[in-house]
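# Structural characterization, general
Residues per chain are reported as follows:
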Amino acid sequence: MRRVPVFAVLLMLVNLPAPRRVAAAVPDTPDSSAAPAPAASAAAPAKGSSEGRIPIGVGVKVSMLGIGGEVALAVTQRSNVRFGFNAFSYGHTFDKDGVTYKDTLDLRSAQATYDLFLLKEFHISPGILIYNGNKLTANASVPGGQSFTLSNVNYLSDAADPVTGTGKLTVYKAAPMLLVGFGNLVPRGRHFSTSFEIGAAYQGPPRVTLSLGGSACDPSGINCRTISSDPTIQANVVSEQAKLNKSASPYKFYPVLSFGVGFKF
């Protein structure tokens with residue numbers, strides 16, 4: 001048998017390739033525990049249900065326009081649009097020139113304003129009474145045998161046909177308005193709110209109409225005439241109406257003072 005030199009055996013062992021590591025033999029084997037993308041996606045927080053929703057506030061208020069409600073929507077971080085309604089009725093009795101008037105003040109209106117917040121919750125709010133149904137109605141009467149005056153002319157109410165009538169004061173059906181105040185119906189960072197506002201609405205010169213019926217006599221109680229058919233008395237009624245309109249004409253602006261509370265959803 002041929003013997004192999006020891007030196008040749010050692011040389012063969014040195015030149016043998018090194019065995020591959022097990023871990024290196026499977027570098028491309030997928031590892032489900034090392035998949036970062038799905039895990040990150042699962043861990044991402046869900047969006048809040050209110051994200052993208054327009055904040056809305058509702059409230060109630062008491063003002064010189066009546067008792068009412070309002071709703072506001074946030075337009076920007078420093079502005080809202082607001083809509084509201086007002087209603088109230090009040091009765092009163094007074095005498096003027098011997099005529100007794102039992103009047104009723106009816107406040108009915110709807111408004112829209114744009115609230116611009118200049119400094120925190122201090123705001124200026126231009127707007128409009130989109131419906132202005134505010135009016136004053138009255139029933140007039142003069143007991144029989146009692147004297148009264150129309151356009152500086154004295155008369156005596158006929159005992160057999162006492163003087164009666166109606167009166168009415170109306171204003172423009174729409175009125176621009178300007179308000180300033182504190183408070184935000186859609187507060188940023190909380191739910192409850194309070195507000196105070198002051199301002200005025202331009203309602204135009206009030207218009208007064210007066211209508212009288214029955215019979216009127218001379219101050220002595222004789223020569224009684226039906227008011228509706230006597231041109232002289234009718235002329236005095238028209239003159240009295242003109243005098244009432246002149247007295248009311250300065251009140252073109254209706255003052256507004258209001259307090260309110262609200263809640264934001």
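Everything below is about the structure shown above.
Before going into details, it helps to say that this report is about the structure given with it. (Residues numbered from 1 in each chain as written. Predicted model: local features only at pLDDT ≥ 70, side-chain atom pairs only at ≥ 80, totals over all residues. Heavy atoms only, no water.)

### Looking at the pattern of salt bridges
One pass over the structure, following the stated rule, counts 10 salt bridges. Between Lys61 and Glu70 there is a salt bridge, and its shortest N-O distance comes to 3.6 Å. Comparing Lys61 with Glu70, the two get one shared label, buried. Here Glu240 ties to Lys243 by a salt bridge, and the two come within 3.4 Å at their closest N and O atoms. (Salt bridge = Lys/Arg side-chain N within 4 Å of Asp/Glu carboxyl O. Buried < 20%, exposed > 50% of the residue type's maximum accessible area, 1.4 Å probe, protein only.)

### Some remarks on the pairing of strand 1 (residues 56–63)
Burial of strand 1 is one-sided: the residues Gly57, Gly59, Lys61 and Ser63 facing one way are buried, the residues Ile56, Val58, Val60 and Val62 facing the other way are not. Note that strand 1 and strand 2 (residues 66–76) share 8 bridges and pair antiparallel. Residue pairing in the sheet places Gly59 in a bridge with Glu70 of strand 2. Hairpin connection of strand 1 to strand 2: 2 residues between the antiparallel strands. Sheet topology places strand 1 next to strand 15 (residues 253–264); 7 bridges connect them, and they run antiparallel. Along strand 15, the bridge assignment pairs Gly59 with Gly262. (Helix = DSSP H or I, 4+ residues; strand = E, 2+ residues; numbered from the N terminus. Pairing = 2+ DSSP bridges.)

### What to know about the environment of Ile198
By the element assignment, Ile198 lies in strand 11 (residues 192–202). When its relative accessible area of 43% is taken as the criterion, Ile198 is described as partly exposed. Distance from Ile198 to Leu179, taken between C-alpha atoms, is 5.6 Å for residues 19 residues apart in sequence. Setting aside residues up to four positions removed in sequence, Ile198 forms contacts with Leu178, Leu179, Val180, Val256 and Leu257. (Contact = heavy atoms within 4.5 Å.)

### Quick notes on the side chain of Asp106
Considering the arrangement of structural elements, one finds Asp106 in strand 4 (residues 99–119). A polar contact is formed between the side chain of Asp106 and the side chain of Ser89, at a distance of 2.9 Å. Setting aside residues up to four positions removed in sequence, Asp106 forms contacts with Phe88, Ser89, Gly133, Asn134 and Lys135. (Polar contact = N/O pair within 3.5 Å; in protein donor to acceptor, adjacent residues only side chain to side chain.)

### Considering the environment of Phe88
With respect to the helices and strands, the residue Phe88 is situated in strand 3 (residues 79–96). For the pair Phe88 and Gly68, spaced 20 residues apart in sequence, the C-alpha to C-alpha distance is 8.7 Å. If sequence neighbours within four positions are ignored, Phe88 has contacts with Gly66, Ile67, Leu105, Asp106, Leu107 and Arg108.

### Description of the pairing of strand 2
In this sheet, strand 3 lies alongside strand 2 in antiparallel orientation, the contact comprising 9 bridges. The partner of Leu73 across the bridge, within strand 3, is Val81. Between the antiparallel neighbours strand 2 and strand 3 lie 2 residues.

### Re the packing of aromatic side chains
Under the definition given, this model contains 8 aromatic pairs. Note on Phe192 and Phe263: the rings are 5.0 Å apart at their centroids and 65° apart in plane angle, and the pair reads as edge-to-face. Within this pair, whereas Phe192 is found in strand 11, its partner Phe263 is found in strand 15, the two being separated by 71 residues in sequence. For Phe263, a relative accessible area of 27% puts it in the partly exposed group. Here Phe263 and Phe265 contribute two aromatic rings whose centre-to-centre distance is 5.2 Å and whose plane-to-plane angle is 80°, an arrangement assigned as edge-to-face. Connected via pairs of aromatic rings, a cluster forms that spans Tyr172, Tyr202 and Phe253. (Phe/Tyr/Trp six-rings, centres within 6.5 Å; stacked < 30°, edge-to-face > 60°.)

### Some details on the state of the cysteines
Overall, the coordinates contain 1 disulfide when judged by the stated rule. Here Cys217 is linked by a disulfide to Cys224, with a sulfur-sulfur distance of 1.8 Å. Across the S-S bond linking Cys217 and Cys224, the dihedral sits near 100°, which makes this disulfide right-handed. Judged by its relative accessible area of 2%, Cys217 is buried. Judged by its relative accessible area of 36%, Cys224 falls in the partly exposed class. (Disulfide = S-S within 2.5 Å.)

### Overview of the sheet that holds strand 8 (residues 153–157)
If you trace the 4 strands from one edge of the open sheet to the other, you get 7-8-13-14, paired in antiparallel fashion. Unpaired on one side and paired on the other, strand 7 (147–150) and strand 14 (225–226) mark the two borders of the sheet. Of the pairings in the sheet, the one linking strand 8 to strand 13 (residues 215–217) comprises 2 bridges and is antiparallel in character. Its bridge partner being in strand 13, Leu156 is matched across the sheet by Cys217. Across the face of the sheet, helix 4 (residues 231–248) comes into contact with strand 7, strand 8, strand 13 and strand 14 while running at roughly 70° to strand 7. (Axes fitted to C-alpha atoms, helices over the stretch in contact; angles between N-to-C directions.)

Note that all results are geometric; they support no functional claim without further evidence.
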